[in-house]
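Residue strings, one per chain:
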Amino acid sequence: METEQTKDEPTAAQANELKAGGFIPQRQARKITVRCKAPGGRMTAQRLERIAQVARKYGDGTVHLSVRMSPEILYVDLADLDAVVRELGEVGQEIASCGKRFRVTTACGGCEYNPNGWTDTQRLAVEATARFFGQDTPHKFKTCFTGCAIDCMRARETDLGFQGMVEPRLEAERCTHCTLCVRACQDGALRMGEDDLPVRDLDRCISCGDCVKACPFDAMVVKRVGHAVYVGGKHGKHPHVAYPVAAFVPDDKVFAVIETTMAWYRAQGSKSARPSTASA
């Protein structure tokens, strides 16, 4: 015989509908985790303050930061969801999502303020989320932008990852033969040639740009900047390293890459398959 408490619990279909809206049923009866949107992991102080206020008012004061940078308000009662959404919305704080759809895009600091960044990851993450967030896909679809070869955002462990890359160019007339660029390269991609100028081994170069940063004479400069593109990565129970599919993709082609990849995934993927499985 069902208890009154069991009757109040969401059914499996209702639970999936809640998750699609960014409301995750907890193991505790009638308690919901509310996942908030934070494209690129960034939000205003005003929105942070309101999240804290809502967490104290409707939860137990706990906020969890998910692996993908989303602030999650824990222990919200099922009956309070409308009020939570309304009060968060007063400061422009939107709810994120779960399930089989395009998720909020994550990003590192990029070139805006990080000395290592080459690409404007924050801007791209915000725009990608605005364009694609919530669109249905055969399974969850996660994207990220990482600004350099350090790959803090783990582009190779994402359904579709973009990694900043740079192609250096030598201005020979400015070179003082100091060898700083050679010593800065941790991958052995540079050596001093017979003319006492640095020579690049393209098979070893990972397009990190450390040689450019090391040169104090502007002899090693940037020829072009773009994105390396990786498809089919994921972590979880069965992790998979993404396939490299393109290099030096410019900013103005990024969203076409996302659209094309999602169209391919919808055509090739099954309800239980991530892009990594569809890629195989």
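The structure we're discussing is the one just above.
Counting of residues starts from 1 at the beginning of each chain's written sequence and follows it residue by residue. Per-residue local features are limited, in this predicted model, to residues with pLDDT of at least 70; the limit for side-chain atom pairs, both in listing and counting, is 80 or more; totals at the level of whole chains, interfaces and linings are taken over all residues. Only hydrogens and water are set aside when side-chain values are computed; all heavy atoms of the structure are taken into account.

A. Local environment of the pairing of strand β4 (residues 71-77). Only protein chains enter the area calculation, which uses a 1.4 Å probe; residues under 20% of their type maximum are buried, those over 50% are exposed, and those in between are partly exposed. Working definition: helices are DSSP H or I runs of at least four residues, strands are E runs of at least two. Numbering for both runs from the N terminus. Taken across its seven residues, β4 has five buried, putting it largely inside the fold. Bridge count between strand β2 (residues 31-35) and β4: four bridges; the pairing is antiparallel. Paired with Arg35 across the two strands is Glu72, which belongs to β4. The sheet contact formed by strand β3 (residues 63-65) and β4 spans three bridges and is antiparallel. The residue of β4 that forms the bridge with His64 is Glu72. Think of it this way: DSSP has to see at least two bridges between two strands before they count as a pair. Hairpin remark: β3 followed by β4, antiparallel, with five residues in the connecting loop; positive phi at Met69, about 75°.

B. Unusual backbone geometry, seen in detail. In this model, Met69 sits at a positive phi of 75°, which is unusual for a non-glycine residue. In this model, Phe248 sits at a positive phi of 55°, which is unusual for a non-glycine residue. Tracing the backbone shows Phe248 in strand β11 (residues 243-249).

C. Geometry of the sheet that holds strand β1 (residues 23-25). Across the sheet, four strands lie side by side as β1-β2-β4-β3; this open sheet has antiparallel pairing. A strand with exactly one partner marks an edge of an open sheet, and here the two such strands are β1 and β3. This sheet shows a mean twist of 30° between the axes of neighbouring strands, independent of strand direction. By the convention used here, residues are in contact when the closest approach between their heavy atoms is within 4.5 Å. Every axis corresponds to a line fitted to the C-alpha atoms, with the helix fit spanning only the stretch in contact, and the corresponding angles, defined between N-to-C directions, vary from 0 to 180 degrees. Sheet strands in contact with helix α3 (residues 45-58) are β3 and β4, and its direction is about 20° off that of β4. Sitting on the sheet, helix α4 (residues 81-89) touches β1, β2 and β4, and the angle it makes with β4 is about 145°.

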